[in-house]
Amino acid sequence: MVSEFFIQEKQLSNVTRTIVKDEDGKSLFLLVGRWGTRGDALSLYAMSGELVAQIKQTSFAFGSRFELYKGFKKVGVMRKILNINADFYYIQGLHWTVLGDIKNHQYSIHQVSKKIMEMNKATLFSGDYFSLVVTNDEDAPICICVAAVLDYWLYNKKKQGGKPMMGWGACEG
C-alpha cells in the first residue's frame, strides 16, 4: 500500500524531537537521538512507544557509514559513494540506491527498477513539509531514517562551509 508521510521542514535535522505525520495530520512516529560519537543513533518509535527503526553512525572517516536497523535487527549499511556530478548513496544489505537532487529534497530510493520512496517538498495549511511517498508501509521506518541522515549531512555541510559537522543533539517536535 502506498502511503504519504509528512515531516515539518527544518525539523528533520534540527536539535529537536521530530514528529512524522500522515496526510490527516495524525502523529505516527517520533524520531529521537543524537550524532557525535561512534555508536550514537537516531531511533524511530511508533507513537505506542515501540522501537521500529534505528540508524547508527559507525564511522566518521571519509565516507561515513551508518548501520540501519528495523527494530533491533540490522538490515543494511548506508554509505555515500563519490560521484563527480551528483550525490549517490547505496544501502548495502537492502540493495537500495538513493538518487536525485538531495540538496533540494527531491530524490527517490530504488531497489533495481522498483521505486521504494520518493521525497519532495509540500506546502500545507500548517506550513512547509517534506513529503515522503513510500510504496510499501513496511519500508517507511527505514526510509524515514535514511531521509534524516541525508538531511543531517546536507544542513551540517552548509553550516560548516562544506565540511561535515559531527554533532546531533537530542531531538523535539
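Our subject in this report is the structure included herewith. Worth saying up front: this structure is predicted, and the values here are computed from it rather than measured.

Focus: the side chain of Ser43
Examined against the element boundaries, Ser43 turns out to sit in strand E4 (residues 41-46). By relative accessible area, Ser43 is classed as buried at 8%. For Ser43, the contacting residues outside a window of four places in its chain are Leu30, Leu31, Val32, Leu51, Ala53 and Gln54.

Notes on the pairing of strand E12 (residues 127-134)
Strand direction decides the pairing type here: strand E1 (residues 3-8) and E12, joined by six bridges, are antiparallel. By the bridge assignment, Phe5 is partnered in E12 with Leu132. Pairing of strand E11 (residues 114-124) with E12, which is carried by eight bridges, proceeds in the antiparallel orientation. In the sheet register, Glu118 faces E12, and the bridge partner there is Val133. Between E11 and E12, which pair antiparallel one after the other, the connecting turn spans two residues.

Some thoughts on the pairing of strand E10 (residues 106-111)
The pairing of strand E9 (residues 96-101) with E10 spans five bridges and is classified as antiparallel. Of the residues in E10, the one forming a bridge with Gly100 is Tyr107. Following E9, the chain reverses through four residues before pairing antiparallel with E10; His105 in that reversal takes a positive phi of roughly 55°. Where E10 meets E11, five bridges bridge the pair, whose relative direction is antiparallel. The residue of E11 that forms the bridge with Ser108 is Glu118. Turn length for the E10-E11 hairpin, with the two strands adjacent in sequence and antiparallel, is two residues, and the turn residue Val112 shows positive phi of about 55°.

What to know about the sheet that holds strand E8 (residues 88-92)
Around the barrel, twelve strands lie side by side as E1-E2-E3-E4-E5-E6-E7-E8-E9-E10-E11-E12; this closed barrel has antiparallel pairing. For this sheet, the mean inter-axis angle between neighbouring strands, taken without regard to orientation, is 20°.

Rules of the game
In this numbering scheme, every chain counts its residues from 1 along its sequence in written order. Only residues with pLDDT of at least 70 get local features here, since the model is predicted, and only at 80 or more are side-chain atom pairs given and counted; chain-wide, interface and lining totals rely on the full set of residues. No hydrogens and no water enter the side-chain calculation; it runs on all heavy atoms of the structure. Only DSSP runs of H or I reaching four residues or more are called helices, and only runs of E reaching two or more are called strands; each is numbered from the N terminus. With a 1.4 Å probe rolled over the protein chains alone, any residue whose accessible area is under 20% of its type maximum counts as buried; one over 50% counts as exposed, and the rest are partly exposed. Residues count as neighbours in contact if any of their non-hydrogen atoms are within 4.5 Å of one another. Paired strands, in this sense, are two strands between which DSSP finds at least two bridges. Helix axes are fitted only over the stretch in contact, all axes being lines through C-alpha atoms; the angle between N-to-C directions runs from 0 to 180 degrees.

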